[in-house]
Amino acid sequence: MVRVERSEVAIIGAGPAGLVLAHLLARAGIDCVVLEERSRNYVQSRVRAGVLEHPTVELLRQLGLAERLDREAMTHRGIEFAFAGQRRRIDLEALTGKCISVYGQQEVVKDLIGSWLDLGAVLRFEVSDVALHDVHREHPSVTYRHEGESHRLEVAIVAGCDGFHGVSRPSVPAGALEVADRVYPFAWLGILAEAAPTNEELIYSSHERGFALYSMRSPSVTRLYLQVPADESLANWSEARIWDELAIRLPTDAGFDLRQGPIIERGITTMRGFVASPMRHGRLLLAGDAAHIVPPTGAKGLNLAVADVVVLAAAVARLLHEHDETGLVEYSAVCLRRVWRVQRFSAWMTTMLHRLDGEDRFARQLQLAELDQVTTSVAASTALAENYVGLPFGPH
Ligand code: APR
Ligand code: PHB
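Within each chain, residue numbers correspond to sequence positions counted from 1 in written order. Chains and ligands are labelled sequentially in the order written, the chains with letters from A and the ligands with numbers from 1. Only residues with pLDDT of at least 70 are given local features in this predicted model, and only at 80 or more are side-chain atom pairs given and counted; all residues enter the totals for whole chains, interfaces and linings. Heavy atoms throughout the structure, all of them, feed into the side-chain values; hydrogens and water do not.

Quick look at the domain arrangement of the protein chain now. Domain start and end points were adopted from an automatic or database domain assignment. Each assigned domain of the protein chain is listed with its residue range as follows: domain 1 (2-75 + 100-181 + 273-353) and domain 2 (182-271 + 356-387). Of note, the centres of domain 1 and domain 2, computed from C-alpha atoms alone, are 29 Å apart. Should any heavy atoms of two residues lie within 4.5 Å, those residues are counted as being in contact. On the domain 2 side, the residues contacting the 26 residues of domain 1 number 24 residues. Of the roughly 2,200 Å² buried between domain 1 and domain 2, counting both surfaces, carbon and sulfur atoms make up 64%. By definition, a salt bridge exists where a carboxyl oxygen of Asp or Glu is found within 4 Å of a side-chain nitrogen of Lys or Arg. Run the count over domain 1 and domain 2 and you get zero salt bridges. The term buried area refers to how much accessible surface (probe radius 1.4 Å) is lost by two components on association, counted for both of them together.

This is the structure:
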């Protein structure tokens, strides 16, 4: 027996994209159901991104979802670059009037899930066998299993917010998607350490031995990354080796104090730029990592997902309230314009900061010249800062 349900929008995935979309639609009076394959505990504890752009924070505030964020997030007014034995700061606030917020993605997800459930809205965890049907017709549906029951959810729109490994993008017929893909020959080994940050802001360090990033999560937890070979295994990195390499690559000779502490989480992140287009297929709209991924160097993944769903929510509201498909028709082009500007910035940051095996002296000198220019020229640092704090949302 199949339980038939009806709503206006099916949101596949309870990550940043799905959860922000759900709140945007609810604010527009649009009924939606969120389907998540993992458990609540899993999605709320998954360590991912940690930097929120200015537009993302402003949106969460407008949605009334930033109360804990405003209490606990760390506001950063600048970022540092370390190279050739020196440290240089880019004053984001002076150059753009905006700041970034450091606040773990899992905290954002926790806040949004709590808010969604407090609204009494529908979010089903641990669903399985999710499948999309008739997305090219006016009444698509999603079938799934939940708590031993089979369901068919009949809707007007399916929002594919199920990440890079989700079911939505593969539901698009082969040949209907154009994929642009760049896999970098290196990865990031990331750790969370119970060590109070000793620097107020992030440090992006381009060292002869490779890139390192100094970040943080709270007044007691530091977040650190090391560039490693793309196929590196965590087994090759003892705690001692991790700390030794961080001490070499981070600017400890330039007055930076690397405080060590117990490593409470570690992982290896691949470095990849990927875009599937178009992002709309009939009544299926892809958003966030379901459509694109960016190398984490620019701290853009979560923020780009949010930017997509701002456009998606407006398009769906126009369709359901005004019976006007214009927003749907324009959805992919509007999102992709920002996606490619963010891909460009992320690729540029990645290329500027990471070392390639076999890179000749000339290439290294070009990197150092680029870092010198971007940390001394007002025009160049302003361009970096504008991208780093976040491009405006919406169809600009
Ligand atoms: N059915 C239901 N849910 C699914 C399915 C499925 N078949 N497949 C995946 N999911 C869920 C995942 O468990 C996850 O909770 O979809 C969610 C997708 O969330 P994210 O991967 O975080 O993707 P998104 O919301 O687009 O956020 C993208 O946030 O994670 C950061 O920086 C990271 O770029 C990334 C950004
Ligand atoms: C993080 O804190 O996880 C982080 C910060 C900046 C980045 C990437 C990751 O560019």
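At least two bridges found by DSSP between two strands are what make those strands a pair. Under the scheme used here, helices are H or I runs from DSSP no shorter than 4 residues and strands are E runs no shorter than 2 residues, and both carry numbers assigned from the N terminus. Read across the open sheet, the six strands follow the order S9-S3-S2-S13-S20-S19; overall the sheet is mixed. Of all the strands in the sheet, just strand S9 (122-124) and strand S19 (280-281) have a single pairing partner and so form its edges. Pairing of strand S2 (residues 9-12) with strand S13 (residues 157-160) involves four bridges; the strand directions are parallel. Among the inter-strand pairings, Val 9 is bridged to a residue of S13, identified as Ile 157.

Sheet strands associate in pairs through backbone hydrogen bonding, adopting either a parallel or an antiparallel arrangement. Spatially, eight strands are ordered S7-S6-S15-S16-S17-S14-S18-S21 in an open sheet, and the strand pairing comes out mixed. The sheet terminates laterally at strand S7 (86-90) and strand S21 (292-293), the two strands that pair on one side only.

It is worth spelling out the site of ligand 2 at this point. Nearness is judged by heavy atoms alone; a residue qualifies as near a molecule or strand once a single heavy atom is within 4 Å of it. Taken together, Val 51, Trp 188, Leu 202, Tyr 204, Leu 213, Ser 215, Arg 217, Arg 223, Tyr 225, Pro 296, Thr 297 and Ala 299 make up the full set of residues near ligand 2. Between ligand 2 and the protein, one listed contact pairs an oxygen atom with a side-chain N or O atom of Ser 215 at 2.6 Å. Under the rule applied, a polar contact is a pair of N or O atoms within 3.5 Å (in protein, one hydrogen donor and one hydrogen acceptor; residues adjacent in sequence only if both atoms are side-chain atoms). A distance of 2.8 Å separates an oxygen atom of ligand 2 from a polar side-chain atom of Arg 217. To be clear on the numbers: accessible area is Shrake-Rupley with a 1.4 Å probe, and residue cover counts the displayed protein chains and nothing else. Considering ligand 2 on its own, with 280 Å² of exposed area, one finds that the protein chains cover 96% of that surface. Counting only elements with at least two residues in the shell around ligand 2, the list comes to strand S16 (210-218) and strand S17 (221-229).

The next point concerns the pairing of strand S6 (residues 79-83). The rule is simple: take the accessible area with a 1.4 Å probe, protein chains only, and divide by the maximum for that residue type; under 20% is buried, over 50% is exposed, in between is partly exposed. For S6, a buried count of five out of five residues is recorded, marking the element as mostly surrounded by other parts of the structure. By the alternation rule, side chains of S6 split into Ile 79, Phe 81 and Phe 83 and Glu 80 and Ala 82, which are all buried. Of the pairings in the sheet, the one linking S6 to S7 comprises five bridges and is antiparallel in character. Directly across from Phe 83, in S7, lies its bridge partner Gln 86. Here S6 folds back onto S7 in antiparallel fashion, the turn holding two residues, of which Ala 84 has a positive phi close to 50°.

Secondary-structure assignment places Lys 300 in the loop between S21 and helix H9 (301-322). Judged by its relative accessible area of 2%, Lys 300 is buried.

A separate point is the site of ligand 1. With respect to spatial proximity, 26 residues lie near ligand 1, and among them Ala 17, Glu 36, Arg 46, Gln 105 and Asp 289 are the closest. Here a nitrogen atom of ligand 1 and a backbone polar atom of Glu 37 are 3.2 Å apart. In this structure, an oxygen atom belonging to ligand 1 sits 2.8 Å away from a side-chain N or O atom of Gln 105. For the shell around ligand 1, the secondary structure elements donating two or more residues are helix H1 (16-27) and H9.

What follows covers helix H8 (residues 239-249). Taken residue by residue, H8 has Ile 242, Trp 243, Glu 245, Leu 246 and Arg 249 as its buried positions. In a view along the axis of H8, the buried residues occupy a sector of 165°, so they form one face of it. In the core, the buried residues of H8 are packed alongside strand S14 (178-193), strand S15 (203-207), S16, S17 and strand S18 (263-277). Note that the arc is computed from the directions linking the helix axis to the C-beta atoms.

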